[in-house]
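# Examining the three-dimensional arrangement
Single-letter residue listing:
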There are 2 protein chains.
Amino acid sequence: MLACAPPPPRRSTIPDVTIVITSFLEPEHVRRIAATGADVRVLYDPELVAPPRFAGDHSGRPGFRRTPDQEARYRGWLAEADVHFDLDAEFAPAFPALAPRLRWIQATSSGIGPLVRRTGLDRSGVTITNAAGIHAVPLAEHALLALLYFVKAVPARLRDQRAHVWERHSVRELRGLTATVVGLGAVGLEVARTLRSVGVHVIGVRRSALAADEAARVDEATTPDHLRDVLPRSDALVLIAPHTRETEGMIGATELALLPPGAIVVNIARGALIDEVALIDALRRGHLGGAALDVAAVEPLPSDSPLWDLPNVLITPHSAATVARENERLTDLFVENLRRYRSGEPLLNLLRL
Amino acid sequence: MLACAPPPPRRSTIPDVTIVITSFLEPEHVRRIAATGADVRVLYDPELVAPPRFAGDHSGRPGFRRTPDQEARYRGWLAEADVHFDLDAEFAPAFPALAPRLRWIQATSSGIGPLVRRTGLDRSGVTITNAAGIHAVPLAEHALLALLYFVKAVPARLRDQRAHVWERHSVRELRGLTATVVGLGAVGLEVARTLRSVGVHVIGVRRSALAADEAARVDEATTPDHLRDVLPRSDALVLIAPHTRETEGMIGATELALLPPGAIVVNIARGALIDEVALIDALRRGHLGGAALDVAAVEPLPSDSPLWDLPNVLITPHSAATVARENERLTDLFVENLRRYRSGEPLLNLLRL
């Protein structure tokens, strides 16, 4: 256990702060947080959180249960903490009662809007910051992989390889293709930068106006109400917009039909953005060249979903964002935000509610 | 048939030139060449060359044979031509007798050194230009695909997908890895540019000294005799050097063992550069993270090669360079070189013999 509560050596003008870490974090990162100030109190015990299944796993092994004693300790910590590092989805609906001192939650994910609304945290007055940007590079790399995977016809190559068939062919080039990126937050802008660096023409789609430095990071920009105008010339469609009432189901049969034959769809946002039945239909009819899906309408993707066996589908189980160094970067963000929180400066990645 | 021999309307200072095209070329490209001058004579008939199996195929369907009449016409053309567009490997050993007027061959491939030496063309006095650079972008894209394919553990994802298993995991990042690129010609420099644009640290390896503008396109540079020094920190090794006496077998068991565990090998050069038995051994032992092979020691790769079934091997049948627009680009190069040839300027892509 690593519950550090050194008696403050002298009164400081910076108020004491008590932080509870609600998902697994490596000891070195816990120590870094504790070391940010003598009056910082970190409440964390790996036994009280679900064990991670992989580096950077914040959900932990399903079915994890605390013993009654562990549960009492954990609830005691929630009651004492001013700050939560990670958003505990199980207890969040009861936070006004369970966590009366709570002022700020640093989430470890970016797409937390629906969860925050569902649990009523959006009306609780608690400040919430998300992990936007932490996942920008791995998600952009994933989008690049997905485009190359289908542009270079890897599924056909693997079929030939399994059959020991050496048959020459010509390949397509990524350079010169057009990709429409829906959602231009930190991740979308990094996707745009990455694709443009290899010669892809990028059309960015965002509801809100782009600042000049953001506009310079895409070749063209438009708003969601003009999405249908740009789809016919989009060799690829990359979704990285948040899941909101406006984006839910934004890609349906009509939008998919507007894409040119052979187009590639990459979803690194949320499954709810696409009408999955229409997507399966467009893939089955051969209208789409491929779909790379890191998310699904229902997760885990049900075992009987036709998506598993479609030849031009690449499924990655909501993992494209999670890199081995995830917790190191999250800790970097949290430590900087903690400094800002204590000195009254604006926090990074403030969730707009 | 498209054999254009208009009587020259008036004497010009530019000499007549007769060109034979020795592999399949689309009519629009043949017309472009014929249109470069009224005194340019283009000898081409698609019936006299092997039919292509895919766009940009210059070898054509195996087993193609001309009728005796076709053969006589084709040999007549070889005898008349000053310039060959594509190097006819079958007839090349007899060129001094068969093609007495031949002054220049524009090849459609880059790695033609061994063929030129084997056929004695290197001692014939004929000028030979290769297709270097034509394939730079597709090969660089292939190297990028290969790195992402293994860094993102696509083989493991496809295994899970076939089993309908949704199991989250963390992924590696390409950004920050180190790739050693052996061979820094037009293609190697484009590979370096592409990998650096996504944050890969690139070590370039070349025998000859780099010009300042070339040196600026890699993070570090070294010579083949220092290759072993850089292998231990090479997360990826990309081979794109020509096949020469010096490069043959340059990557053997010792070099592979010097790579860090999990390293990725990409061969877009020639199979002979790697000791294939040592490569298979390093893959089987799990020392290497993966190998993307566009070439093999023997091509087509024999059906009983263990490489086909190794889980961490991606085989592309000598096709990564060939894009659908290949012949358009080759024609661009040829038309420019033809202009230079006729005006006595130095040709592009001159093969150093």
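Criteria and thresholds
- Residues numbered from 1 in each chain as written.
- Chains lettered and ligands numbered in written order.
- Predicted model: local features only at pLDDT ≥ 70, side-chain atom pairs only at ≥ 80, totals over all residues.
- Heavy atoms only, no water.
- Buried < 20%, exposed > 50% of the residue type's maximum accessible area, 1.4 Å probe, protein only.
- Helix = DSSP H or I, 4+ residues; strand = E, 2+ residues; numbered from the N terminus.
- Arc of directions from axis to C-beta.
- Contact = heavy atoms within 4.5 Å.
- Pairing = 2+ DSSP bridges.
- Axes fitted to C-alpha atoms, helices over the stretch in contact; angles between N-to-C directions.
- Phe/Tyr/Trp six-rings, centres within 6.5 Å; stacked < 30°, edge-to-face > 60°.
- Lys NZ or Arg CZ within 6 Å of the ring centre and 35° of its normal.
- Parallel < 35°, antiparallel > 145°, perpendicular 65-115°, else oblique.
- Nonpolar A, V, L, I, M, F, W, Y, C, P; charged D, E, K, R; others polar.
- Least-squares fit on C-alpha atoms with pLDDT ≥ 70 in both.
- Buried area = accessible area lost by both parts, 1.4 Å probe.
- Salt bridge = Lys/Arg side-chain N within 4 Å of Asp/Glu carboxyl O.
- Polar contact = N/O pair within 3.5 Å; in protein donor to acceptor, adjacent residues only side chain to side chain.
- Domains from an automatic or database assignment.

Further remarks concern helix 6 (residues 154-162) of chain B. When we look at burial in helix 6 of chain B, the residues that qualify are Val154(B), Pro155(B), Arg157(B), Leu158(B) and Gln161(B). Along the long axis of helix 6 of chain B, the arc covered by the buried residues comes to 160°, so they all point the same way. Looking at the buried side of helix 6 of chain B, the elements it contacts are helix 5 (136-151), helix 6 (154-162) and strand 12 (313-315) of chain A together with helix 5 (136-151) of chain B. After helix 6 of chain B finishes, the residue His164(B) shows a positive phi value of roughly 60°.

All names here are of chain A. The parallel open sheet is built from seven strands, whose spatial order is 8-7-6-9-10-11-12. Strand pairing shows two members of the sheet lacking a second neighbour, strand 8 (220-222) and strand 12, which therefore form its edges. Strand-to-strand twist across the sheet, computed as the mean angle between neighbouring axes with direction ignored, equals 15°. Here strand 9 (residues 236-239) runs beside strand 10 (residues 263-267); their pairing, made up of four bridges, is parallel.

All names here are of chain A. Tallied over the full model, the rule gives 10 aromatic pairs over all chains. The interplanar angle of 5° and the centroid separation of 4.5 Å between the aromatic rings of Phe85 and Phe334 together place this pair among those described as stacked. Note that Phe85 is positioned in strand 3 (residues 83-85) and Phe334 in helix 12 (residues 326-343), a separation of 249 residues in sequence. Across the pair, Phe334 and Phe85 agree in class, each one buried. Here the aromatic cluster, defined as three or more aromatic residues joined through ring pairs, consists of Phe85, Trp104, Phe334 and Tyr341. The residue whose ring lies beneath Arg66 is Tyr74, and the NZ or CZ to ring-centre distance is 3.8 Å.

What follows concerns the packing of helix 1 (residues 27-34) of chain B against helix 12 (residues 326-343) of chain B. Residues and elements named next belong to chain B. Two numbers describe how helix 1 lies on helix 12: the axes approach to 10 Å, and their chain directions differ by 10°. With respect to helix 12, the element helix 1 is oriented roughly parallel. Between helix 1 and helix 12, the contacting residues are His29, Arg32 and Ile33 on the first element and Asn327, Glu328, Thr331, Asp332, Phe334, Val335 and Leu338 on the second. Considered class by class, the residues forming the contact of helix 1 with helix 12 number four nonpolar, three polar and three charged.

Moving on, we come to the relation of the copies chain A and chain B. If you rotate chain A by 180° and push it 0.0 Å along the axis, it lands on chain B with an RMSD of 0.0 Å. Here the copies are linked by what is in effect a two-fold axis. Comparing contact sets, 100% of the residues at the interface of chain A also lie at the interface in chain B, consistent with an isologous, same-surface contact.

Turning our eyes to something else, we now look at the interface of chain A and chain B. The interface is formed by 58 residues belonging to chain A together with 58 residues belonging to chain B. Overall, the association of chain A and chain B removes approximately 5100 Å² of surface from exposure, summing both partners, and the carbon and sulfur fraction of that is 59%. One salt bridge connects Lys152(B) with Glu141(A), and the closest N-O pair in it is separated by 2.9 Å. Put simply, chain A and chain B have 29 residue pairs in polar contact (both at pLDDT 80 or more) between them. Contributions of two or more residues to the side of chain A that touches chain B are made by helix 5, helix 6, helix 7 (186-197) and strand 12 of chain A. The element that contributes the greatest number of residues to the side of chain A that touches chain B is helix 5 of chain A, accounting for seven residues.

Right, let's talk about the sheet that holds strand 8 (residues 220-222) of chain B for a bit. Each strand in a sheet pairs with its neighbour through backbone hydrogen bonds, running either in the same direction (parallel) or in the opposite one (antiparallel). Residue and element names in this part refer to chain B. Across the sheet, which stays open at both edges, the seven strands sit in the order 8-7-6-9-10-11-12 with parallel pairing between neighbours. Each edge of the open sheet is held by one strand with a lone partner, namely strand 8 and strand 12 (313-315). Within the sheet, the average angular offset between the axes of one strand and its neighbour, ignoring direction, is 15°. Of the pairings in the sheet, the one linking strand 7 (residues 201-205) to strand 8 comprises three bridges and is parallel in character. Across the sheet, residue Gly204 finds its bridge partner in strand 8, namely Ala221.

Right, let's talk about the domain arrangement of chain A for a bit. All names here are of chain A. Splitting chain A by domain gives domain 1 (17-132 + 324-343) and domain 2 (136-315). Put simply, the middle of domain 1 and the middle of domain 2, counted by C-alpha atoms, are 33 Å apart. Counting residues at the interface gives four residues for domain 1 and four residues for domain 2. Buried area between domain 1 and domain 2, both sides added, is near 370 Å², and the carbon and sulfur share of it is 49%.

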